[in-house]
Amino acid sequence: MELVISNLSKTYSNGVRALDSISLTIPQGMFGLLGPNGAGKSSLMRTIATLQEPDSGSIAFGDVDVLKQKEKVRQILGYLPQEFGLYPNLSAETILDHFAVLKGITNSRERKEQVQYLLNRTNLLENKKKHVGGFSGGMKQRLGIAIALLGNPKLIIVDEPTAGLDPTERHRFLNLLSELGENIVIILSTHIVDDVRELCSNMAIINKGKVALSGSPESVIENVSGKIWKRFVEKHEMQSITDNYSVISTRMIAGKPLVHVYSDEQLSDGFINIEPDLEDVYFHQISMIQ
Ligand code: ADP
């Protein structure tokens, strides 16, 4: 089953056009939605999760009309929002049990089985009796995904899940996501390019409410092959480089700026052609729609 988004637009009452005619087809497997802060990722996620209405456009998940059949969507949806509150004085097990009731798992034996299974799956079994107020960021996110996985969802949406996690927690969380399998649609919204490169079979970059590009990570990298150049520059040269070249990123390496530049044509002047990576693709797209 795939998710088909067509011409989705949303302008908030303050005049911000957060979604500007978004069309995307999201197949089964892990799909990365990359974009800078303010790109419209959360607005899109919330709309797919039936939590807000667009002004126009449509979303279909298989034969379900997402914007009209909200109850049907909620039965098959697991959603981990960017921020969520958990009662600090309750244990992980109790919280998960509460959410299982809300999800409609009323048979207590079935509920208990699912809660224990998900605690185990998210590596929280040992800490299931502890109050979540004492949980680390990574443990909270894992509990969040356990909640999202209740009821065997067919469509899972996770919004910026690795922001604020340390590298170990981040890896643990991403591994968990990647184990969920290729038979469901998982949308991972993030501004961290590495999250997408490591996990996603398909992706899109959105910027200013528009789809800048979509495809597999390999294919979008292939599209800029031969067109990315690098050069160390002196700080005083920076301005003229920025004026004369299409600079997509600048990084300080041992105190010296290293610029990456996009060019269809052969560059001399000390520039070296490099094998592009997903970060080059991302920064190139973002620099085009400023
Ligand atoms: P992202 O998740 O990519 O950071 P968002 O969807 O949160 O992007 O925001 C897209 C744009 O819409 C931003 O300019 C943001 O300030 C604006 N925005 C988001 N939610 C609202 C809202 N409820 N009311 C008004 N503007 C909003």
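In the block above lies the structure referred to throughout.
For the structure given in this document, a descriptive report is provided here.

Parameters at a glance
Residues numbered from 1 in each chain as written. Predicted model: local features only at pLDDT ≥ 70, side-chain atom pairs only at ≥ 80, totals over all residues. Heavy atoms only, no water. Core = buried A, V, L, I, M, F, W, Y, C linked by side-chain atoms within 4.5 Å. Buried < 20%, exposed > 50% of the residue type's maximum accessible area, 1.4 Å probe, protein only. Helix = DSSP H or I, 4+ residues; strand = E, 2+ residues; numbered from the N terminus. Contact = heavy atoms within 4.5 Å. Phe/Tyr/Trp six-rings, centres within 6.5 Å; stacked < 30°, edge-to-face > 60°. Lys NZ or Arg CZ within 6 Å of the ring centre and 35° of its normal. Pairing = 2+ DSSP bridges. Axes fitted to C-alpha atoms, helices over the stretch in contact; angles between N-to-C directions. Near = heavy atom within 4 Å. Polar contact = N/O pair within 3.5 Å; in protein donor to acceptor, adjacent residues only side chain to side chain. Areas by Shrake-Rupley, 256 points an atom, 1.4 Å probe, with all protein chains shown as cover. Nonpolar A, V, L, I, M, F, W, Y, C, P; charged D, E, K, R; others polar. Parallel < 35°, antiparallel > 145°, perpendicular 65-115°, else oblique. Left-handed = near helix turned anticlockwise from the far one by under 90°.

Judged by nonpolar contacts, the single largest core of 50 residues is most densely connected at Leu96, Leu143, Ile145, Leu177, Met203 and Ile205. With six residues, helix H5 (residues 137-149) is the largest single contributor of residues to this core. Ignoring any residue separated from it by four or fewer positions in sequence, one finds leucine 143 in contact with Leu86, Ala92, Leu96, Leu124, Val132 and Phe135. Counting 27 residues, the second largest nonpolar core, distinct from the first, contains Leu3, Ile22, Leu33 and Ile206.

Another point: the packing of aromatic side chains. Remark: the centre distance and the inter-plane angle together describe each pair of aromatic rings, the angle taken between the planes. Summed over the entire model, instances satisfying the criterion amount to two aromatic pairs. Seen in terms of ring centroids, tyrosine 245 and phenylalanine 271 are 4.8 Å apart; in terms of plane orientation they differ by 55°. Their pairing is tilted. Linking tyrosine 245 in the loop between helix H9 (238-244) and strand E12 (246-253) with phenylalanine 271 in the loop between strand E13 (256-262) and strand E14 (272-273), this pair joins segments that are 26 residues apart in sequence. The exposure class of tyrosine 245 is partly exposed, given its relative accessible area of 22%. It is arginine 231 that lies over the ring of phenylalanine 271; its NZ or CZ is 5.6 Å from the centre.

Taken in spatial order, the six strands of this open sheet run E6-E7-E8-E3-E9-E10, and their pairing is mixed. Strand pairing shows two members of the sheet lacking a second neighbour, strand E6 (77-80) and strand E10 (210-215), which therefore form its edges. Pairwise comparison of adjacent strand axes, ignoring direction, gives a mean angle of 15° for this sheet. In terms of strand pairing, E6 meets strand E7 (residues 155-159) through four bridges, oriented parallel. Residue pairing for E7: tyrosine 79 is matched across the bridge by isoleucine 157. Here H5 sits on the sheet and contacts E6 and E7; the angle it forms with E6, its principal contact strand, is near 160°. Lying on the sheet, helix H10 (residues 278-288) is in contact with strand E3 (29-34), strand E9 (202-207) and E10; it crosses E9 at an angle near 30°.

With that settled, the discussion passes to the site of the ligand. Lining the immediate environment of the ligand, one finds 13 residues, of which Gly38, Gly40, Lys41, Ser42 and Ser43 sit closest. Between a nitrogen atom of the ligand and a side-chain N or O atom of asparagine 14, the distance comes to 3.3 Å. Between the ligand and the protein, one listed contact pairs an oxygen atom with a backbone N or O atom of glycine 40 at 3.0 Å. Here the ligand, which alone exposes 560 Å², has 64% of that area covered by the protein. Of all the elements, helix H1 (residues 41-48) adds the most residues to the shell around the ligand, at four residues. When its residues are assigned to classes, the shell around the ligand shows five nonpolar, six polar and two charged.

On to the sheet that holds strand E11 (residues 228-232). Pairing is antiparallel across the open sheet formed by four strands, whose spatial order is E12-E13-E11-E14. In this open sheet, the two strands that pair with only one neighbour each are E12 and E14. Of the strand pairs in this sheet, E11 and E13 are connected by five bridges, and their pairing is antiparallel. Among the inter-strand pairings, lysine 230 is bridged to a residue of E13, identified as histidine 260. Contacts between H10 and the sheet are confined to E11, E12 and E13, with E12 contributing the most and set at about 130° to the helix.

It is worth spelling out the packing of helix H3 (residues 92-102) against H5 at this point. When two helices pack together, their arrangement is given by the angle between the helix axes and the distance between those axes. Put simply, H3 and H5 touch, their axes get as near as 9 Å, and they point 25° apart. The angle between H3 and H5 places the two elements in the roughly parallel class. Regarding H3 and H5, the two cross each other, and that crossing is right-handed. Residues Ala92, Ile95, Leu96 and Phe99 of H3 touch H5, and the partners they reach there are Leu143, Ala146 and Ile147.

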